[in-house]
Amino acid sequence: MINENMTEQDVNEVMNSADTAEAAYTDNNTVDDPLDFDDDPLSATGVSRKSLVIFFLIDTSGSMKGKKMGELNTVMEELIPEIRKVGEADTEVKVAVLTFSTDVRWMYSAPIPIEEFEWARLRASGVTSLGAAFKELNARMSRNGFLNSPSLSFAPVIFLMTDGYPSDDYKAGLNELKNNSWYKFGLKAALGIGSEANDNVLAEFTGSADTVVHAYSGGQLAQMIKIIAVTSSQIGSKSMTLSDDTSHELGEEDVFAAKQKLLGQQIQELVNKAETDDVPFDTGW
Amino acid sequence: MTELEIGQEVELEFGGKAKVLSVIGSGGQGTVYLVRFNGQKWALKWYDIDKMKKPKEFLKNLRSNIADGPPDNKFLWPKYLTKEAEDGTFGYIMDLKPEGFDSFVDILNTYKLEIDPLTGHAVKRNVKFSSLTAMITAVINIVNSFRLLHRAGKSYQDLNDGGFFINVNTGAVLVCDCDNIAPDGSNFGIGGKPGYMAPEVVRGIAQPNVQTDKYSLAVVLFKLLFRGDPMEGEKVVRDVCLTESSELKHYGQNAVFVYDPNDASNRPVRGIHDNVIKFWRIYPDYIKDAFIRSFTTGISDPTKRIIENEWQKLFIRLRSEIIMCGCGRTNFASMFVQPDEKTFKCPKCGMEFATLGFSDRKYRMPLFLGCKFYECEIIPESEEFMKVAGELVENKLKAGVLGIKNCSDRKWRAKMPDGVFYDIAPGKGFPVWQGLEIDFGEIKAQI
């Protein structure tokens with residue numbers, strides 16, 4: 001069915017860490033001793049929320065130095081409060097940031113809940129090891145790694161930003177990633193920064209051209225990051241909207257990858273609306 | 001013009017301009033702004049028509065809703081339309097949410113985030129009902145608003161946790177996001193929120209209507225009382241990742257209630273659904289049975305869903321069965337010991353409570369200092385569930401003597417310890433004693 005990458009052991013872990021409440025139900029007709037548990041009808045914990053992890057894969061190679069990195073750091077700081085609003089009661093949104101240059105590095109050792117997340121400003125140097133980043137993402141994107149919430153998860157949002165052509169064998173890394181079910185069902189989007197970034201490579205990663213956008217200037221960069229991050233986390237934490245056609249019942253094939261398609265449509269609509277009148281990164285030097 | 005600028009002025013259809021002061025929030029269909037109009041502050045909802053499927057029909061429906069007015073004052077109803085902008089964008093203004101109301105979302109989370117204006121950091125503040133009576137009153141108010149709406153021939157369409165503000169001290173309810181409300185049978189493109197949508201809407205074989213509203217209402221009530229998702233149990237958690245197809249399965253094609261008596265495949269899981277497990281032990285059977293019906297037979301047969309009037313009666317009963325014991329324990333009568341059919345006893349401190357039996361119902365109302373009953377409980381044709389008719393009070397001149405005060409505007413008759421019935425005028429009272437009988441008119445009651 002889903003999540004081939006998820007082993008039987010993964011599932012058992014969930015189920016073992018948690019007993020089903022059959023006992024509570026069968027007891028129900030006998031008189032419970034009202035004092036053997038906290039029976040205060042007003043004392044509740046928050047409703048169990050589904051978790052959504054947003055992965056940011058960020059190119060910190062030397063070419064990102066200067067305006068691009070400055071712009072990126074600023075917009076990411078501003079973005080956090082906007083994403084905070086997305087989860088509401090149903091979804092606990094967490095953020096994980098993986099940077100790649102000569103080495104790959106996580107900003108924090110585990111995904112951080114959005115309420116507590118603070119952006120650590122990034123610096124740029126080195127080459128563009130995108131393949132290594134894909135491998136590292138694949139390693140952590142598992143039940144034993146970063147996606148270890150005991151309750152239900154939404155498929156993650158994976159947002160890649162880069163300004164150059166990969167300097168390592170990105171295909172090997174991507175092939176590993178493509179076998180990961182979290183990647184398969186995840187919402188993927190990519191942003192190419194400046195004219196060096198290769199949209200074809202990015203489309204290989206997202207699986208379709210309409211979830212790839214390009215920013216040629218600082219203003220655009222900020223705009224695109226916000227559009228992608230907010231839209232994808234909104235779609236990721238909610239889900240399918242209604243079909244107008246009620247003449248036939250929806251099947252699995254109708255809803256397969258529905259969110260990824262919706263993300264592509266919405267990104268394209270928003271990008272077309274966005275204004276493009278400021279100075280490109282590569283001009284005016 | 002999908003976004004408005006701060007300071008921008010928006011012309012209203014029937015004259016006047018609303019000046020944009022700040023952003024209040026944004027949703028799937030647009031953004032809500034704080035505006036000044038006619039010297040007063042209002043909320044302005046401004047649509048992103050690109051995200052709407054049928055903007056023209058939507059606007060037409062909004063216009064007729066404004067003309068019809070709200071079913072009652074519990075709705076934050078659209079007041080005035082703006083003029084359409086050149087590109088067809090439009091909006092409407094409505095009253096601001098009054099102070100003292102928290103969103104349903106914050107109540108479910110048990111806290112809300114407040115942004116410290118100086119540091120920009122988010123700080124958690126607890127959000128919790130101050131009394132059990134306030135919580136059950138909120139439930140009655142929610143049910144009643146939808147009853148009134150449906151009686152007006154309209155459906156809410158996308159009933160979900162974003163649709164209410166609640167005063168956690170009084171149980172007062174405000175229904176917001178009223179812009180998708182439409183005559184039953186029409187839909188202007190809104191689908192609903194997963195987890196709240198009726199299975200037939202998830203499956204794509206029906207559009208939102210009054211019957212699907214009833215399903216969503218049951219989900220809202222379940223979430224408020226049991227603090228969990230009625231369809232999320234073991235079966236769903238096993239999927240680990242909620243993809244589009246697992247959602248279609250668990251909320252549409254094969255939705256199984258976590259406490260379906262005939263299907264144990266989806267029971268709540270300890271460690272994840274502790275609230276539901278706990279509260280299922282607390283609520284009395286008649287409440288649990290109503291949810292079982294809603295989420296078993298009511299899944300496949302929309303006509304079997306609980307109607308609002310039935311919910312209203314059940315929760316008016318539940319409110320009358322709350323006991324506040326002198327030792328501080330507050331709970332439903334079903335969580336007290338019953339030494340005989342007319343007495344409840346606190347399992348914690350041993351205090352006993354006499355009960356009042358009414359001629360029109362089988363269940364009895366426990367009596368304790370401060371307990372109240374309402375007009376709809378003593379007058380058969382009355383709908384007044386918030387109007388206090390009587391209260392158990394202590395005699396101001398004779399300390400320790402308890403009696404019932406007539407807070408209604410009708411004359412009652414009560415049997416006094418001398419065996420004679422006396423008239424009890426509004427504002428008067430009578431002692432509670434072993435042989436007490438009360439004649440409210442059509443309804444009689446006795447200890």
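Computed from a predicted model, the values in this text were never measured in an experiment.

**Observations concerning the overall build of chain A**
Piece 1. Within chain A one finds ten helices and eight strands.
Piece 2. Sorting the 285 residues of chain A into buried and exposed places 49% on the buried side.
Piece 3. Nonlocal contacts in chain A, meaning residues at least 24 apart in sequence, comprise 82% of its contacts between residues at least 6 apart.

**Quick look at the overall build of chain B**
Piece 1. Within chain B, the secondary structure is distributed over twelve helices and 28 strands.
Piece 2. Computed over its C-alpha atoms, the radius of gyration of chain B comes to 25 Å, within 12% of the 22 Å expected for a compact globule of 447 residues.
Piece 3. Expressed along its principal axes, the backbone C-alpha trace of chain B runs to roughly 80 × 55 × 50 Å.
Piece 4. In chain B, which comprises 447 residues, the share counted as buried stands at 47%.

**Quick look at the sheet that holds strand β4 (residues 40-47) of chain B**
All names here are of chain B.
Piece 1. Overall, antiparallel pairing links the six strands, which are arranged β1-β2-β3-β4-β6-β5 in an open sheet. Edge positions in the sheet fall to β1 (9-11) and β5 (80-81), since each of these pairs with one other strand and no more.
Piece 2. Pairing geometry for β4 and strand β6 (residues 91-94), over four bridges, is antiparallel. Pairing of tryptophan 46 across the sheet is with glycine 91, part of β6.

**With respect to the confidence of the model for chain B**
Interpretation of this model should avoid reading the predicted coordinates in detail wherever pLDDT is low.
Piece 1. Chain-level statistics for chain B give a pLDDT mean of 91 and a share of 99% at 70 or above.
Piece 2. On the interface metric, ipTM, the complex scores 0.80, and its pTM is 0.87.

**Details of the environment of phenylalanine 188 of chain B**
All names here are of chain B.
Piece 1. Tracing the backbone shows phenylalanine 188 in the loop between β13 (182-183) and α4 (199-202).
Piece 2. As a C-alpha pair, phenylalanine 188 and lysine 56 span 132 residues in sequence and 9.3 Å in three-dimensional space.
Piece 3. Those residues within four positions of phenylalanine 188 in sequence are excluded, and the remaining contacts are Lys54, Glu57, Phe58, Asn61 and Ala182.

**Concerning helix α9 (residues 285-295) of chain B**
Residues and elements named next belong to chain B.
Piece 1. Turning to α9, its buried residues number three or more, namely Ile287, Ala290, Phe291, Ser294 and Phe295. In a view along the axis of α9, the buried residues occupy a sector of 120°, so they form one face of it.
Piece 2. The inward-facing, buried residues of α9 contact α5 (210-226), α10 (297-300) and α11 (308-320).

**Let's talk about the nonpolar core**
Generally speaking, a soluble globular protein has its nonpolar side chains buried in company with each other.
Piece 1. Formed by 172 residues in total, the largest nonpolar core has its most connected members in Phe55, Leu57, Phe159 and Ile228 of chain A together with Val139 of chain B.
Piece 2. Contacts of phenylalanine 55 of chain A, omitting those with residues within four sequence positions, involve Ala96, Leu98, Leu137, Pro156, Val157, Ile158 and Phe159 of chain A.
Piece 3. Core analysis: the next-biggest nonpolar cluster, separate from the first, contains 13 residues, Leu356, Ile378, Trp412 and Ile424 of chain B among them.

**Considering the sheet that holds strand β26 (residues 429-431) of chain B**
Residues and elements named next belong to chain B.
Piece 1. Pairing is antiparallel across the open sheet formed by four strands, whose spatial order is β21-β22-β23-β26. Because the sheet does not close on itself, it has two edges, and the strands there are β21 (372-374) and β26. Ignoring which end each strand starts from, the neighbouring axes of this sheet average 20° apart.
Piece 2. Pairing of strand β22 (residues 388-394) with strand β23 (residues 402-406) involves five bridges; the strand directions are antiparallel.

**Brief notes about the packing of helix α4 (residues 130-140) of chain A against helix α5 (residues 170-178) of chain A**
To describe two helices that pack against each other, one gives the angle between their axes and the distance between the axes.
Residue and element names in this part refer to chain A.
Piece 1. It is at 7 Å that the axes of α4 and α5 come closest, and there the two elements cross at 20°. Judged by the inter-axis angle, α4 sits roughly parallel to α5. Judged by the sense of rotation from one axis to the other, the crossing of α4 with α5 is left-handed. Counted together, Leu130, Gly131, Ala132, Ala133, Phe134, Lys135, Leu137 and Asn138 of α4 and Tyr170, Ala172, Gly173, Leu174, Glu176 and Leu177 of α5 form the full contact between these two elements.
Piece 2. Each residue belonging to the contact of α4 with α5 can be placed in one class, and the counts come to nine nonpolar, three polar and two charged.

**Concerning the packing of helix α3 (residues 132-151) of chain B against α5 of chain B**
All names here are of chain B.
Piece 1. It is the contact of α3 with α5, at a shortest axis distance of 11 Å, that shows an interaxial angle of 175°. One way to sum up the angle between α3 and α5 is to call them roughly antiparallel. Between α3, through Val139, Ile142, Phe146 and His150, and α5, the contact on the second element is made entirely by Val210, Asp213, Leu217, Val220, Leu221, Leu224 and Leu225.
Piece 2. Split into classes, the residues belonging to the contact of α3 with α5 amount to nine nonpolar, one polar and one charged.

**Points about the pairing of β4 of chain B**
Residues and elements named next belong to chain B.
Piece 1. With eight bridges joining them, strand β3 (residues 30-37) and β4 adopt antiparallel strand pairing. Note that in β4 the partner of threonine 31 across the bridge is tryptophan 46.
Piece 2. Two successive antiparallel strands, β3 and β4, enclose a turn made up of two residues, where asparagine 38 displays a positive phi of approximately 55°.

**Description of the pairing of strand β19 (residues 352-358) of chain B**
All names here are of chain B.
Piece 1. Here three bridges tie strand β18 (residues 343-345) to β19, and the two strands are oriented antiparallel to one another. Each bridged residue has a counterpart across the sheet, and for lysine 345 the counterpart in β19 is glutamate 352.
Piece 2. Connecting β18 to the antiparallel partner β19 that follows it, the hairpin turn spans six residues, and glycine 350 within it adopts a positive phi of roughly 85°.
Piece 3. One ladder, built from three bridges, connects β19 with strand β20 (residues 364-366); its direction is antiparallel. From the neighbouring strand, leucine 356 faces β20, where its bridge partner is methionine 365.
Piece 4. Linking β19 back to β20 in an antiparallel pair, the connection comprises five residues.
Piece 5. In the sheet, β19 pairs with strand β28 (residues 444-446) via two bridges, with the strands oriented antiparallel. Its bridge partner being in β28, glycine 357 is matched across the sheet by glutamine 446.

**Digging into the environment of proline 302 of chain B**
Residue and element names in this part refer to chain B.
Piece 1. Positionally, proline 302 belongs in the loop between α10 and α11.
Piece 2. With 91 residues separating them along the chain, proline 302 and glutamine 211 place their C-alpha atoms 5.9 Å apart.
Piece 3. Each residue touching proline 302, except ones within four places of it in the same chain, is listed here: Glu200 and Gln211.

**A word on the environment of phenylalanine 165 of chain B**
Piece 1. Mapped onto the elements, phenylalanine 165 of chain B comes out in strand β11 (residues 164-166).
Piece 2. For phenylalanine 165 of chain B, the contacting residues outside a window of four places in its chain are Lys97, Phe101, Asp102, Ser103, Leu174 and Cys176 of chain B.

**A short note on α5 of chain A**
Residue and element names in this part refer to chain A.
Piece 1. What α5 keeps buried is the set Tyr170, Gly173 and Leu177. On an axial view of α5, the arc spanned by its buried residues comes to 65°, and they lie on one face.
Piece 2. Contacts made by the buried residues of α5 are with α4, α6 (181-185) and α7 (199-206).

**Points about the confidence of the model for chain A**
Residues and elements named next belong to chain A.
Piece 1. Per-residue confidence for chain A gives a mean pLDDT of 80, with 79% of residues at or over 70.
Piece 2. Contacts for the low-pLDDT stretch residues 1-12, under 50 throughout, to residues beyond four places or in other chains number 24 contacts.
Piece 3. Counting interchain partners and residues more than four positions distant, the pLDDT-below-50 stretch residues 14-31 has 28 contacts.

Reading the values: the criteria
- Residues numbered from 1 in each chain as written.
- Chains lettered and ligands numbered in written order.
- Predicted model: local features only at pLDDT ≥ 70, side-chain atom pairs only at ≥ 80, totals over all residues.
- Helix = DSSP H or I, 4+ residues; strand = E, 2+ residues; numbered from the N terminus.
- Buried ≥ 20, exposed ≤ 12 C-beta atoms within 10 Å, placed from the backbone.
- Contact = placed C-beta atoms within 7 Å.
- Rg over C-alpha atoms; globule rule 2.2 N^0.38 Å.
- Pairing = 2+ DSSP bridges.
- pLDDT = per-residue confidence, 0-100.
- Arc of directions from axis to C-beta.
- Core = buried A, V, L, I, M, F, W, Y, C linked by C-beta atoms within 7 Å.
- Axes fitted to C-alpha atoms, helices over the stretch in contact; angles between N-to-C directions.
- Parallel < 35°, antiparallel > 145°, perpendicular 65-115°, else oblique.
- Left-handed = near helix turned anticlockwise from the far one by under 90°.
- Nonpolar A, V, L, I, M, F, W, Y, C, P; charged D, E, K, R; others polar.

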